[in-house]
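Summary of structural features
Residues per chain, in single letters:
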Amino acid sequence: MRAVIQRVREASVTVAGEVVGAIGNGLLILLGVCHTDTAEDVELLAEKIAQLRIFSDHEGKFNLSLLDVGGAALVVSQFTLYADTRKGRRPSFTAAARPEIAAPLVDAFAAALRARNIPVATGVFGAMMQVALINDGPVTLVIDSAELRLPRRAGSRTDS
């Protein structure tokens with residue numbers, strides 16, 4: 001699973017002119033599902049995002065997590081995160097999971113965040129959506145469950 005997370009002051013998703021999900025302070029999570037992803041990826045990514053210290057404390061340092069600040073999450077499925085643009089001019093999406101695989105995993109990811117006491121709003125899987133946000137910082141990160149399994153590089157910082 002691949003997530004582009006943006007720290008936001010507010011975010012919403014609209015389908016056919018109707019707001020279907022909205023949050024205040026928290027994270028907008030654009031979520032892509034790879035054809036090889038499983039429930040293990042769901043749990044790994046949900047835990048990482050819930051605990052990730054990307055909110056500022058009273059000294060302005062990234063010391064607080066989504067849980068610490070009582071923030072919410074807006075989860076929007078986005079298969080285009082698995083675009084392969086290496087050849088030609090039209091992206092290939094063969095690495096993205098088919099809808100019958102991806103939709104349940106996106107739902108499971110939202111449920112995994114809720115199980116961690118995070119309020120979650122969502123978009124509509126497969127719909128044409130318009131996403132609005134007020135980015136806070138801006139702070140934008142990309143997290144990939146496959147990369148989370150890799151060993152840390154020698155000599156890398158070990159901040160916790």
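The structure contained in this document is the topic of the report that follows. The shown structure was predicted, so the numbers you read here are calculated from the model rather than taken from an experiment.

1. Details of the overall build of the chain
- A count of helical and extended segments in the chain gives 4 helices and 8 strands.
- The order of α-helices and β-strands along the chain, N terminus first, is β-β-β-α-β-β-α-β-α-β-β-α.
- Against the globule reference of 15 Å for 160 residues, the chain gives a C-alpha radius of gyration of 16 Å, in line with a compact fold.
- C-alpha atoms of the chain, sized along the principal axes, occupy 45 × 45 × 30 Å.
- Counting across all 160 residues of the chain, residues that qualify as buried make up 41%.
- Summed over all atoms, the accessible surface of the chain reaches about 9400 Å², with 53% contributed by carbon and sulfur.
- Averaged over its 17 positive side-chain charges, the chain has a centre that lies 8 Å from the centre of its 17 negative ones.

2. Here's the deal with the layout of surface pockets
- There is about 410 Å³ of room inside the second largest pocket.
- Along the wall of the second largest pocket there are 21 residues; nearest its centre are Ser77, Gln78, Phe79, Gly126 and Met129.
- Looking at the lining of the second largest pocket, the elements that each hand over two or more residues are strand 3 (26–32), strand 6 (72–77) and helix 3 (99–115).
- Along the lines of polarity and charge, the residues of the lining of the second largest pocket split into 16 nonpolar, 5 polar and no charged.

3. Section: the environment of Phe62
- If you trace the backbone, Phe62 turns up in strand 5 (residues 62–64).
- Each C-alpha atom of the pair Phe62 and Val124 lies 31 Å from the other, and the pair is 62 residues apart in sequence.
- Other than its neighbours up to four places away in sequence, Phe62 contacts Arg7, Arg53, Ile54, Phe55, Ser56 and Val139.

4. Details of the side chain of Asp57
- Examined against the element boundaries, Asp57 turns out to sit in the loop between strand 4 (55–56) and strand 5.
- Despite its burial, Asp57 remains without a salt bridge, the nearest opposite charge being carried by Lys61 at 6.7 Å.
- At 2.7 Å, the side chain of Asp57 and the side chain of Asn63 are in polar contact.
- Aside from chain neighbours lying at most four places away, what touches Asp57 is Asn63 and Leu64.

5. Here we look at helix 1 (residues 39–51)
- Counted at 1.5 Å a residue, the expected span for helix 1 with its 13 residues is 18 Å, and the 18 Å between its end C-alpha atoms agrees.
- Regarding helix 1, the residues found buried are Asp41, Val42, Leu45, Ala46, Ile49 and Ala50. All buried residues of helix 1 lie within an arc of 145 degrees about the axis, which places them on one face of the element.
- Residues of helix 1 that are buried in the fold lie against strand 1 (2–15), strand 3, helix 2 (66–69), helix 3, strand 8 (130–144) and helix 4 (145–148).

6. Regarding the side chain of Ser65
- Topologically, Ser65 is positioned in the loop between strand 5 and helix 2.
- Here Ser65 is in contact with Ala50, Gln51, Leu52, Arg53 and Phe55, once residues within four sequence places are set aside.

7. What to know about the pairing of strand 3
- The buried fraction of strand 3 is high, at 7 of 7 residues.
- Bridge count between strand 1 and strand 3: 7 bridges; the pairing is antiparallel. Among the inter-strand pairings, Val8 is bridged to a residue of strand 3, identified as Gly26.
- As defined by bridge partners, strand 3 adjoins strand 6 across 6 bridges and the pair is classed as parallel. In the strand pairing of strand 6, Leu28 is matched with Leu74.

Conventions adopted
Residues numbered from 1 in each chain as written. Predicted model: local features only at pLDDT ≥ 70, side-chain atom pairs only at ≥ 80, totals over all residues. Heavy atoms only, no water. Helix = DSSP H or I, 4+ residues; strand = E, 2+ residues; numbered from the N terminus. Rg over C-alpha atoms; globule rule 2.2 N^0.38 Å. Buried < 20%, exposed > 50% of the residue type's maximum accessible area, 1.4 Å probe, protein only. Areas by Shrake-Rupley, 256 points an atom, 1.4 Å probe, with all protein chains shown as cover. Lys, Arg positive; Asp, Glu negative; His and termini not counted. Charge placed at Lys NZ, Arg CZ, Asp CG, Glu CD. 1 Å grid on protein atoms, 1.4 Å probe; cavity = no way out; pocket = protein on both sides within 12 Å on 5 of 7 lines; lining within 4 Å. Points joined across faces, edges and corners; volume = space filled by probe spheres on them. Nonpolar A, V, L, I, M, F, W, Y, C, P; charged D, E, K, R; others polar. Contact = heavy atoms within 4.5 Å. Salt bridge = Lys/Arg side-chain N within 4 Å of Asp/Glu carboxyl O. Polar contact = N/O pair within 3.5 Å; in protein donor to acceptor, adjacent residues only side chain to side chain. Expected span 1.5 Å × (residues − 1). Arc of directions from axis to C-beta. Pairing = 2+ DSSP bridges.

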